[in-house]
Structures are given as structure tokens and as C-alpha cells.
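The primary structure of each chain is shown beneath.
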Protein chains: 4
Amino acid sequence: MRLAFFGDVVGKPGRAAVLEHLPELRVRLRLDFVVVNGENAAGGFGLTRQIAEEFFGAGADCLTLGDHAWDQREALTYIEREPRLLRPLNYPVSAGAPGKGAELYMLPDGRRVGVVQLQGNVFMRQALACPFAAADAALDQMPLGTVADAVIVDMHCEATSEKMAMGHHCDGRASLVVGSHTHVPTADTMILNGGTAYQTDAGMCGDYDSVIGMQKEMSLYRFTTQLPGERYQPALGEGTLCGTFVETDDRTGLALRVEPIRMGGRLSAQVPAI
Amino acid sequence: MRLAFFGDVVGKPGRAAVLEHLPELRVRLRLDFVVVNGENAAGGFGLTRQIAEEFFGAGADCLTLGDHAWDQREALTYIEREPRLLRPLNYPVSAGAPGKGAELYMLPDGRRVGVVQLQGNVFMRQALACPFAAADAALDQMPLGTVADAVIVDMHCEATSEKMAMGHHCDGRASLVVGSHTHVPTADTMILNGGTAYQTDAGMCGDYDSVIGMQKEMSLYRFTTQLPGERYQPALGEGTLCGTFVETDDRTGLALRVEPIRMGGRLSAQVPAI
Amino acid sequence: MRLAFFGDVVGKPGRAAVLEHLPELRVRLRLDFVVVNGENAAGGFGLTRQIAEEFFGAGADCLTLGDHAWDQREALTYIEREPRLLRPLNYPVSAGAPGKGAELYMLPDGRRVGVVQLQGNVFMRQALACPFAAADAALDQMPLGTVADAVIVDMHCEATSEKMAMGHHCDGRASLVVGSHTHVPTADTMILNGGTAYQTDAGMCGDYDSVIGMQKEMSLYRFTTQLPGERYQPALGEGTLCGTFVETDDRTGLALRVEPIRMGGRLSAQVPAI
Amino acid sequence: MRLAFFGDVVGKPGRAAVLEHLPELRVRLRLDFVVVNGENAAGGFGLTRQIAEEFFGAGADCLTLGDHAWDQREALTYIEREPRLLRPLNYPVSAGAPGKGAELYMLPDGRRVGVVQLQGNVFMRQALACPFAAADAALDQMPLGTVADAVIVDMHCEATSEKMAMGHHCDGRASLVVGSHTHVPTADTMILNGGTAYQTDAGMCGDYDSVIGMQKEMSLYRFTTQLPGERYQPALGEGTLCGTFVETDDRTGLALRVEPIRMGGRLSAQVPAI
Ligand SMILES: [Fe+2]
Ligand SMILES: [Fe+2]
Ligand SMILES: [Fe+2]
Ligand SMILES: [Fe+2]
Ligand SMILES: [Fe+2]
Ligand SMILES: [Fe+2]
Ligand SMILES: [Fe+2]
Ligand SMILES: [Fe+2]
């Protein structure tokens, strides 16, 4: 199978990058399944139903969220009706968080792709349950190569250590473990010893002439003055689509190949050759 | 000029990667000045004089540190005698921290290269003075294109936002602003609007079959149990040399070209073509 | 002299406690100078001019703020015109923060009282300059016993360690070092070796049938679900006035006596006997 | 019943305060059950078997720990053999942490006292499972007034908000919810609406002429320089015994009375009158 994951979409330039490039990429890379992290799609803060539907229309099969999941309150109810939208799995059980954090999706041809979103606890605003134990529980429900033809894990967190640890923790049990949240793509795409493709962060889809997608002047004002300044707004230059491409072995679900995707905007372009 | 910066060297595999590749790279890329971040060179924790001298012998012109600067206590005294070793500049003035955080180095041919190390405050263990104000003060002492032929800023911190903000803050005043500390190279090398080359993190020099260079079993034990486990040890597989290459305009000191460097070990190789 | 400091006023019950008890206390304890921390007075978030004037009318001579200083944006301009309002002193110099963080006030009888507000950096949202160095600079401007007849330091921060360290740091140079921010009074009022009165936290003025002054249901919702819930609102039961009373030696400005003040609401009452 | 809880014992002065005062207090206050937090008893870092046995010998019925639980590695094995020693309950289930975090103890006369230790997640070094859910599970096993004659909850954490929230969360289900970890006693002992006694922090047993029990010079060195300095050592002046006394209603297990205990050293003395 051919899978792609795209990192945190930030504001209008991020949405435009997805809407412009994804339909064509889906064909060009013959993608079977596409996941997009949408936690910053609505003006930098959260996701609305309208934006989600645009992403589905452009070729996304599943959307993930993160610590900004509920910045748009409508997501709290929308997620209950939309099985293609996932939030971090590891909310405390007693939290009764709306929606789901892991799902096994059936493709038209019968193949099944599992998606799991986890949120780390190092340097994060919420204190969720152990993401490693949550990963175990979810992956037990969708054994790779038997129940699931492919499994994608979105590890949403700040610390590179927590992400790399999750990669190894899931190694051999997922097709891809890819990080989100830091809004910068990492150059460490590799296949781990057990056959799982890994990238510490897929990077954001947004304008890189910015501070993590937001207007740099606002961010610099806060960093240099420690005063509140104005509410952050997304930078509005051309966005870069950033993601990860994986090709799996149909028999095992493990990765045969993993490459970064970068299209448009400021970053150096990189599109896998098919 | 041709400059290179190499990220946090972690333990023996990181040192081996530097010692093996740097001499040859220095020739092949015709490097005029090389900076290496050595804060994790001694078993993952700090830097000793002996290791520093190996790096100088292999072609490093300047070594930087970070939050692990004093893990080896001998660094507190060694830095006072070794002007090629820098620690974060922005210790509080009243701290009387040993050594320096910025220096203008004279090359044999008379050209001058400034190096500044800053440490961010977001998610970091020490609370230092404002790195942005410190950058202003240091860059005022070494104006690019007049006093300094090139200026390299090592922004040592966790948050991508603080690093990107520093890139823009120094844009037009430095040849290169490059991040360190997260131990994962980013894929966002670019030249900012004002002519400064930028990369959010150069990545570590160390074994990437690990958790940020340390043995993955130990890290996973802590993440999954929250118990102390054993003292972290560096992973011992082949290290990857990770860094950033910049070519500057001799008249302005600004960047004409910036590219990542990756050699050996697990990550995909990338060496600038000259 | 007789001085009093009252901790963070939270919402309407906190304001009511101040307005109801302070005028009478000022007479009963023959207070010469009164400081009130007002950072949460406006619905739990920041301070308005109108509320500040109520406090001045009730007997406050000086108001301090903290990490919530600018939650009400009008404080950014109001503080420029109102010398009796102080914000944390240790904003980075380059920040150009409005207002002041230290002031020497002249009483009608000619005696002078210095007030300094500092904000700690451990576990705090802003990264300010070193509060210890800032304390040195401020106290140098108002030597106790010569230039200032009394000096009050409000150390606004989370960690008990940072507060106790500040107490010792200022010992002998201030009449009182008292903490704010945690919204719970501590039972450690004492006179340090050098003669400075000390209390780790004065406690809030607000309803203690709450979570740090805010409605407990809202707080419990967030803690148990890690979901956003509704915007915090102050609890509305009867507030407790919480503060610190100090009597100084007129010749030295050092403390002869220090006692907690607690009146009204849930906590056990304690009013110094005169 | 008459219960007492004593906060974090720090080093030799803390141990001396316990050993000197507890035997006499046990008689004078006719205490039925005594809990001591021992996480800093061994030189400030952790607990050894020898020290634990001294505490049992002096009248402690149960010892609790906290984030410093395993600073002395022998605690990892000792706790498996000593049912009177508890660590935070809410380690992730998959952690397999040694020992227990909640226990129902039988008194010689057949009465039963439950003790639960929880660790908060705000500003703490470990990321444990939700302490509120853990509290529910533990309290369900020892219903107050039927299965348990008294229940003591030690909420070990930094943030006053998390502690107050836990108080309300357990209100009506515990005899006492008392905080530890900040090493400063709070002056908010009260009986909550549902009948549970509450104090945000019991305070440490240790020398208060210090920074949270450790030598103030060392702490000030770190705060002012941000350099490592020497390893922290406990301050060695006379310690203050700090704790909480509760008298319960024998029929319900709820609190009839709650008062702080402070004996010796720097803080104002307070011993409940019987
Ligand atoms: Fe995020
Ligand atoms: Fe994001
Ligand atoms: Fe570092
Ligand atoms: Fe490092
Ligand atoms: Fe505050
Ligand atoms: Fe406050
Ligand atoms: Fe603790
Ligand atoms: Fe402690």
C-alpha cells in the first residue's frame, strides 16, 4: 500500500497547500490512504466541520487533532458524528472525551488501515494517560499483517525523545510512526529495525516565513517583551505542504520505503519518485 | 566563505563520526570555519578537555555547549583557558558564569568569523537572561560585512517557535542561525528574507538507532514506568554526522547557499556538491 | 511603622473582603502603609482602573500585579498614569514594559516606604530577567534605614524554593519579603536572621470554598477530563481577607514582629492584637 | 479517632524532630494512627530501610513517599516487603511500580484506617496516571464509615490548584486530604462542605532556616548563577515538626476537628489542646 501523512495544517496557507496539492499527489503517488493533522487548520486554532469536509473532499481519508483539538468548540460535537476524525487516544478513561483516538478503516477494496493518534506528556498542556500503554492497547486491536493491512500512528508531542521512544515502542507493529506538533519537518525519515517507518515530525502545512506558521512579528513581540501583544494570526505567505510517504509490503504491512514530501512555499521541494 | 556547523555530539559514536568525517569534509567542502556543539560528547553529559582537543585536532575551530555545559565539572575551569570553547552567552550578568558566549575569531588570512551561542528559555532547565536581547548585544559587537566576515549563531533550545523567532530576529545580521539541543535534524534549511541562512536544528552527531542518542531500552523503561531505571548511556551503533553547510557572499557575509550535511549511520546521506 | 500586605484579590468576594475589612483594619492596626496584590481582582483575571480606585479608596497605598498583570488590557495604559500601581520589576530591560516595578513612596509625615514586586521564573508562564539581580538593583536604590523607612518585597511566583531563596537574598535589606500567586496562605511567618519578616505566601483574598478562588466544579472538570470546559469564574461565597502584618523598628526598618491576618470566610480568623 | 499526618521529613533535622516529638505527641494527643511522609528523609533524597524503621519505632503507622520515592534505590526492594510503606498510587498500571499506593490498615482494636497516596501531574517530574481517577478507585475499595473507620489521603504535588481540587474531589469520602511536597505548611486547615478535613500542605519536618530544608547558600547560588554548584545538603539547624491533627466522628469517619501541628525550630508553635 501507499500511505501519506501530512502534518499540522496551519490557517489559510496550510489549507490552500492541502487543497491545491493533495488531489494531484493522490493520483501521482497512487496513494491508498491519506491522513492529515488538522489541529491548527481554523485560523491556527482547532478545526471546524466545514474545513474538515474540504480536506475530505481533497483526498484525506482521516484527520487527526492534538492539544488544540477543542479550540473550536464545535469539534466537541462534530467528532461524535464523524468517524474519520480522531483525537488523541490517551485521554484518561474517566474523562469521557468525545470521539475516538483509534480506528480501523475499511477501503473500498476491503483492505483495512488502522490509524492511532497519541499525545505525549512531556512539555504538553494536558496531562493525558500514558501514551505507550495506550499504543499497546490500540495496536493489540489491529495486529499488523492480519487484522490491519497498514497502521499509521500520529505521535503528537513536543519532545523528540518521547517521539523517538514511541517509534521504537511500536516498531514492528505499525507501518508508520510519525510525529506532529512541532511544525517543523525533521530530516530523519528511516525504517526502524523492526520494519516500521519513522519520522520525528512531518512538519506543518503552512507558511514557513513565520514562527511555526504564525506571523513572526507577533511572536517576536512576545518573546522579546514577555507582554501579551495581539492574538496570534497565521502568516499568509504561500504554504508548504509537508508530509511523509510510505510504501508497505502487502504481506506484512511493514515499510519498504519512506520519504518526506515537501511541495510549494519556502522549503526545498521533495516529492517521491514513483 | 564556507562554514559548517555540527550539532550536539553524543558519546563515542558521535565523537567517532566527527573524527572520521570532519578532516575529509573540511578539505572536500573547502571549509573556512567549523563549529561543533559538544555538550553531550562525554558519555552523553558535557565535555572534557581531552575530547575538546580531539575535536580541535579534527578540524573544529570553535566548540559550543548548552544546558549540559557543566555536566563535566572540569569544563568550568577549562573554558576559562580555552577561547575556542563557548557556553550560552545569556547567563544573567550577575551570574559570573565562567568563559564566554560570543567571540570573534581571526583566521590565518585575516578574515574574522563571529560565533554566538544562545540558550532559549522555553522548556529549558535553566532560566537565563533574554536570548533575544543577548543576541542584539553580541551582534552589535560584530557587525556583519564590516567587523565580521561571517557570523554563526547557535540557538540551543527545545521549542521550534523560539528557534524560528531567533532566526528572524537575527535575519540580516548573521550568516547562519542554526538550532541545537533536540538531537534531530530538521528539513527546513532556507535563506531568510534578510539573507541569513537558517535551520531549526542541525541534528546530533550520534547513533540514531536510539532515543536522542541514548540507549533506547533505558529511555523506554523510563517513559513506560516513570521509574528511574539506570543512568542513561549513549547508544553505541554507528553515528551519523549531522550539520549545516553555508556559503556566504564575501562582500556582505550573508548566505548564498545553505544545505544540510548527513554522513554515515542511519540517516539518508547528504553532502553538498562543490 | 506598621505595614500590611494582602495577597491576590480574586473576583467579587475578594474585592468585598478588602472593601469591607480594610478601612476598619487600617484604624485598628494603626497601619502606616498597605499593599494589595490585585492581579486577579477583575473576575479572576487582571485589574481595571475602576477596581484599583476602589482599593485606593478603601485604604490601599500601593497595588501590585503579577503574571496576570495585563489580562485586562486597560492596565497597560492605566499603569503609566498611576504611580501607585506596580508590575513585576524584572521584565527584560529591552521589553519596555509599561509602568514600574519598584517605587519609593513618601508618606504625609515624610517617612518613605519602598515597594518592590518581583516575579519568579520557576513554573511561570513568562520568562523574565533574574529576580535576584533585579532585587539587588532595586534595594540598592532604597537602602533600608537610611533612604527608606520600610521596604516591602512582593515575590510573585509558584515555587516555595524560589520564594524562600528570595527571602534570604533580601534578608537585612527589606522589612518584609512576602510571596503571592499560589492563593493559599502559608503558616511560616517568621523573622529571618538578618531582621527581615518573611511569609512564603500571604494567601488570596477570595472564597476558599473553591479551587484557588475559582469555582471548584469548573476546575474539577478540567482536572478530571483534560477537556477545556467553560471559562473559569470566581467562586462567589464569602471571601477571606488574607495578609501579613509587620511592625518595624523605626531606627532600622527591620521587623520587630510579623503575624498573619485572616478575616471572614472559611479560614480560621487571625487578627494581630495591638 | 485521632489521626495525625506529618509532612516531608528532610534530612537529619527533620528526622530528629520526628524522633524527639512524635512519641510524646502520640500520647499527649492520644493518636490512633500516624502517617509520616518520608520522601526526603535520607539526606534530602529518598528513604532507607533504617530510617523507616526509626520512624516506625517512634510511632509512625504508615510512611508515604512522592516524586523522590526512589532516590535511594533500596526503597525499590524494601517497599515490596514493607506494607506500611506507600508510594504514589497512580503510577501507570503498565508501569509495574513496586509496592502499593493505598492500603487499609487494621488497628489492634479492629478499627481500620485507609491511607492513599496520590501524586499530581502539574509541574511534576513524573507523568503519572490521573490522580483523580486513582482516588476514585482507591476510595471505592475503602468506603468511609463502613469498611474504613478513617481515610487519609496524601496529595503529593506542587500546584495549590491540584491539591484543592483533590480536596473537593474526595470531600465526604475521606477523613483528611492533606498535601505534601512544597515543604511549607499552609494556614488553610478547614473542614470542607462534605465533612473532609483539608490542608493544602502539611509543611516539611526540617530546618526552616533554609530553602525548603536544604542549605540556603547552595540554593541561592543556583538561583542567582544558574550554574550547578554543589550537591544540595540539608540545612542542619533545629527542625520543626509540621503536621495536621484530625479528630473524626466514629460513626461516619468524617472530621469533627482539624488543626495544624508545629513544634520546635523556627516556626510559631502550635499544638492542639486535648
Ligand atoms: Fe499541537
Ligand atoms: Fe500544531
Ligand atoms: Fe541541550
Ligand atoms: Fe544536546
Ligand atoms: Fe499569579
Ligand atoms: Fe494570583
Ligand atoms: Fe516531593
Ligand atoms: Fe518533599
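The structure presented is a predicted model; accordingly, all values stated were derived computationally and were not measured. (Residues numbered from 1 in each chain as written. Chains lettered and ligands numbered in written order. Predicted model: local features only at pLDDT ≥ 70, side-chain atom pairs only at ≥ 80, totals over all residues. Heavy atoms only, no water.)

Points about the overall build of chain A
Which entries qualify depends on this criterion: Secondary structure elements follow DSSP: runs of H or I of four or more residues count as helices, runs of E of two or more count as strands, with numbering from the N terminus. Every radius of gyration here is taken over C-alpha atoms, with the globule rule written as 2.2 Å times N^0.38, N being the number of residues. Buried means the residue's accessible area, taken with a 1.4 Å probe over protein chains only, is under 20% of the maximum for its type, while exposed means over 50%, and partly exposed covers the values in between. Contact definition: two residues touch when any of their heavy atoms are within 4.5 Å. What sets the accessible areas is the Shrake-Rupley method with a 1.4 Å probe; for residues, cover comes only from the shown protein chains. Counting rule for charge: Lys and Arg are taken as positive, Asp and Glu as negative, and neither His nor the chain ends is counted. A single reference atom marks each charge: NZ on Lys, CZ on Arg, CG on Asp, CD on Glu.
Scanning chain A for helices and strands turns up six helices and 12 strands. Scaling as 2.2 N^0.38, a compact globule of 274 residues should have a C-alpha radius of gyration of about 19 Å, and chain A matches this with 17 Å. Judged by the C-alpha coordinates and their principal axes, chain A covers about 55 × 45 × 35 Å. In chain A, which comprises 274 residues, the share counted as buried stands at 68%. Once local pairs closer than 6 in sequence are excluded, the contacts in chain A between residues at least 24 apart make up 63%. With the model as given, the accessible surface of chain A reaches about 8,800 Å², and the carbon-plus-sulfur share is 50%. Looking at chain A, you have 24 positive and 33 negative side-chain charges, and the mean spots of the two groups are 2 Å apart.

Some details on the pattern of salt bridges
What counts, and what does not: Here, a salt bridge means any side-chain nitrogen of Lys or Arg that lies within 4 Å of a carboxyl oxygen of Asp or Glu.
Per the stated rule, a full pass over the model turns up 64 salt bridges over all chains. Put simply, Arg257(C) and Glu259(C) hold a salt bridge, and the shortest N to O gap is 2.9 Å. Judged by its relative accessible area of 22%, Arg257(C) falls in the partly exposed class. Linking Glu82(D) and Arg84(D) is a salt bridge whose minimum nitrogen-to-oxygen distance equals 2.9 Å.

Some points on the layout of surface pockets
By rolling a water-sized probe across the atoms, one finds the places where empty space is left. To keep things clear, this is the line we draw: The distinction between a cavity and a pocket rests on a 1 Å grid over the protein atoms alone: a 1.4 Å probe fits inside a cavity but cannot get out, while a pocket stays open yet meets protein on both sides within 12 Å along at least five of seven lines, and a residue with an atom within 4 Å of a point counts as lining. Grid points are joined across faces, edges and corners, and a volume is the space filled by probe spheres set on the points. Just so you know the grouping, Ala, Val, Leu, Ile, Met, Phe, Trp, Tyr, Cys and Pro go in nonpolar, Asp, Glu, Lys and Arg go in charged, and all remaining residues, Gly too, go in polar.
Volume-wise, the second largest pocket comes out at about 670 Å³. Together, 31 residues line the second largest pocket, and Val93(B), Ala129(B), Cys130(B), Val93(C) and Ala129(C) are the ones closest to its centre. Those elements giving two or more residues to the lining of the second largest pocket turn out to be helix H4 (131-141) of chain B together with helix H4 (131-141) of chain C. Of the residues forming the lining of the second largest pocket, the biggest block, five residues, is contributed by H4(B). Here the lining of the second largest pocket is composed, by residue class, of 23 nonpolar, seven polar and one charged.

With respect to the interface of chain B and chain A
The line we're drawing: Summed over both partners, the accessible area (1.4 Å probe) lost when two parts come together is defined as the buried area.
Taken residue by residue, the interface counts 36 residues in chain B and 36 residues in chain A. Of the roughly 3,300 Å² buried between chain B and chain A on both sides combined, carbon and sulfur atoms contribute 68%. When residues of chain B are sorted by the area they lose upon contact with chain A, His168(B), Ala187(B) and Phe223(B) head the list and together hold 18% of the total. In terms of residue count, the dominant contributor to the side of chain B that touches chain A is helix H5 (residues 160-170) of chain B (seven residues). For the side of chain B that touches chain A, the residue count by class is 18 nonpolar, 11 polar and seven charged.

Looking at the coordination of the iron ion (ligand 4)
Residues and elements named next belong to chain B. To be explicit about the condition: Note that water is not among the atoms used; donors are N, O and S atoms within 2.8 Å of the metal (3.2 Å for Na, K and Ca), so sites may look incomplete. Angle rules define the geometry names used: all angles between 85 and 135 degrees makes four donors tetrahedral, while opposite donors over 155 degrees apart and all other angles between 65 and 115 make four donors square planar and six octahedral, leaving every other case irregular.
Listed as protein donors to the iron ion (ligand 4) are Asp-8 (OD), Glu-39 (OE), Asn-40 (OD1) and His-183 (NE2); their distances from the metal cover 2.1 to 2.2 Å. Relative to the metal, the four donor atoms surrounding the iron ion (ligand 4) lie at angles of 86 to 171°, and the coordination shape comes out irregular. Each donor residue of the iron ion (ligand 4) belongs to the same chain, with the gaps between them written as D-x30-E-N-x142-H. In this structure, the iron ion (ligand 4) lies 3.4 Å away from the iron ion (ligand 3), the two metals sharing Glu-39 as a donor. Linking Asp-8 in the loop between strand E1 (2-6) and helix H1 (11-28) with Asn-40 in the loop between strand E2 (33-37) and helix H2 (49-58), this pair joins segments that are 32 residues apart in sequence. As far as burial versus exposure is concerned, Asp-8 and Asn-40 are alike and both buried.

Some words on the relation of the copies chain A and chain D
How we decide: Copies are brought into register by a least-squares superposition over C-alpha atoms of residues with pLDDT of at least 70 in both.
Superposition record for chain A on chain D: RMSD 0.0 Å, screw rotation 180°, translation along axis 0.0 Å. Each copy turns onto its partner about a two-fold axis. Among all residues of chain A, the minimum C-alpha distance to the rotation axis is found for Ala129(A), at 2.7 Å. A high fraction, 100%, of the interface residues of chain A reappear at the interface in chain D, so the copies pair face to face through one surface.

Examining the relation of the copies chain B and chain A
Between chain B and chain A, which share one sequence, the superposing operator has a rotation angle of 180° and an axial displacement of 0.0 Å; the RMSD is 0.0 Å. When the interface residues of chain B are mapped onto chain A, 100% of them are again interface residues, pointing to one common binding face.

A look at the UniProt feature "active site" (unreviewed entry) in chain A
Residues and elements named next belong to chain A. Let me state the cut-off plainly: UniProt positions are given in the numbering used here, feature names are shortened, and annotations may be inferred rather than shown by experiment.
Look at the UniProt record and you will see "active site" (unreviewed entry) annotated at His-68. Along the chain, His-68 turns up in the loop between strand E3 (62-64) and helix H3 (74-81). With relative accessibility at 15%, the residue His-68 sits in the buried group. Those residues in contact with His-68 that lie beyond four places of it in its chain are Glu-39, Asn-40, Phe-45, Gly-46 and Arg-125.

Focus on the UniProt feature "binding site: Fe cation 2" (unreviewed entry) in chain A
Residue and element names in this part refer to chain A. In the UniProt entry, the feature "binding site: Fe cation 2" (unreviewed entry) is given for Glu-39, Asp-67, His-156 and His-181. Taken along the chain, the residues just named run across 143 residues; in space they keep tight, none of their C-alpha pairs more than 10.3 Å apart. On the secondary structure map, Glu-39 appears in the loop between strand E2 (33-37) and helix H2 (49-58). The exposure class of Glu-39 is buried, given its relative accessible area of 0%. Note that His-156 resides in strand E7 (residues 150-156). The buried category is assigned to His-156, whose relative accessible area is 0%.

Here we look at the interface of chain A and chain D
Let me state the cut-off plainly: Contacts described as polar in this section are N or O atom pairs within 3.5 Å, which, within protein, must combine one atom able to donate a hydrogen with one able to accept it, while residues neighboring in sequence count only if both atoms come from side chains.
Chain A puts six residues into the contact, and the matching count from chain D is six residues. Counting the surface chain A buries against chain D, the share from its top three residues, Ser94(A), Ala127(A) and Cys130(A), is 49%. Viewed at the interface, chain D and chain A are joined by zero salt bridges. The interface formed by chain A and chain D contains zero residue pairs in polar contact (both at pLDDT 80 or more).

Brief notes about the pairing of strand E5 (residues 102-106) of chain B
To be explicit about the condition: In this description, strands pair whenever DSSP reports at least two bridges between them.
Looking at chain direction, E5(B) and strand E6 (residues 112-119) of chain B are connected through five bridges and run antiparallel. Within E6(B), the position partnered with Glu103(B) by the bridge is Val115(B).

Considering the coordination of the iron ion (ligand 6)
Residues and elements named next belong to chain C. Coordination sphere of the iron ion (ligand 6), protein contribution only: Asp-8 (OD), Glu-39 (OE), Asn-40 (OD1) and His-183 (NE2), at 2.1 to 2.2 Å. One can describe the donor arrangement at the iron ion (ligand 6) as irregular, given that its four donor atoms subtend angles of 86 to 171° at the metal. Spacing between the donor residues of the iron ion (ligand 6) along the chain follows D-x30-E-N-x142-H. Separating the iron ion (ligand 6) from the iron ion (ligand 5) is a gap of 3.4 Å, bridged by Glu-39, which donates to each. With Asp-8 in the loop between strand E1 (2-6) and helix H1 (11-28) and His-183 in the loop between strand E8 (176-180) and strand E9 (190-191), this residue pair connects regions lying 175 residues apart in the sequence. For His-183, a relative accessible area of 6% corresponds to the buried category.

What to know about the packing of aromatic side chains
Note the following rule: Any pair of Phe, Tyr and Trp rings, taking the six-membered ring for Trp, is counted once the centres come within 6.5 Å. Such a pair is stacked with planes under 30 degrees apart, edge-to-face with planes over 60 apart, and tilted for the rest. As a reminder, the over-ring test applies to NZ of lysine and CZ of arginine, requiring each to be within 6 Å of the ring centre and within 35 degrees of the ring normal.
Under the definition given, this model contains 14 aromatic pairs over all chains. With a centroid separation of 5.7 Å and 35° between ring planes, the pair formed by Phe33(A) and Tyr105(A) is classed as tilted. Placement of the pair is Phe33(A) in strand E2 and Tyr105(A) in strand E5 (residues 102-106), with a sequence separation of 72 residues. The ring of Tyr232(B) carries Arg222(B) above its face, with NZ or CZ at 3.8 Å from the centroid. Geometry around Phe45(B) places Arg231(B) over its ring, the cationic atom sitting 4.5 Å from the centre.

Let's talk about the environment of Ala4(B)
All names here are of chain B. Note that Ala-4 resides in strand E1. Under the relative-accessibility criterion, Ala-4 is labelled buried at 0%. Sequence spacing of Ala-4 and Asp-154 is 150 residues, and the spatial spacing of their C-alpha atoms is 12 Å. Each residue touching Ala-4, except ones within four places of it in the same chain, is listed here: Leu-31, Phe-33, Val-34, Val-35, Thr-244 and Ile-261.

Focus on the sheet that holds strand E7 (residues 150-156) of chain C
Residues and elements named next belong to chain C. Test applied: Helix axes are fitted only over the stretch in contact, all axes being lines through C-alpha atoms; the angle between N-to-C directions runs from 0 to 180 degrees.
Strand order in the open sheet formed by six strands is E5-E6-E7-E8-E10-E9, with mixed pairing between adjacent strands. Both edges of this open sheet fall to strand E5 (102-106) and E9, since each of them pairs with a single strand only. Note that strand E6 (residues 112-119) and E7 share seven bridges and pair parallel. Bridge assignment links Gln-117 to a residue of E7, and that residue is Asp-154. Across the face of the sheet, H4 comes into contact with E5, E6 and E7 while running at roughly 165° to E6. Helix H5 (residues 160-170) contacts E6, E7, E8 and strand E10 (197-199) of the sheet and is inclined by roughly 165° relative to E8.

Concerning the packing of helix H6 (residues 216-225) of chain A against H5(B)
To be explicit about the condition: Roughly parallel means an angle under 35 degrees; roughly antiparallel, over 145; roughly perpendicular, 65 to 115; everything else is oblique.
Closest axis-to-axis distance for the H6(A)/H5(B) pair is 10 Å, and the angle between their directions is 100°. When the axes of H6(A) and H5(B) are compared, the pair comes out roughly perpendicular. Between H6(A) and H5(B), the residues in contact are Lys216(A), Ser219(A), Leu220(A), Phe223(A) and Thr224(A) and Ser161(B), Glu162(B), Ala165(B), His168(B) and His169(B), respectively. Tallied by class, residues from the contact of H6(A) with H5(B) come to three nonpolar, five polar and two charged.

A word on the sheet that holds strand E12 (residues 255-263) of chain D
Residue and element names in this part refer to chain D. One open sheet holds the six strands; their spatial order is E4-E3-E2-E1-E11-E12, and the pairing between them is mixed. With one partner strand each, in any of the chains shown, strand E4 (85-86) and E12 form the two edges of the open sheet. In the sheet, strand E3 (residues 62-64) pairs with E4 via two bridges, with the strands oriented parallel. Counted as the bridge partner of Leu-63 is Leu-85 from E4.

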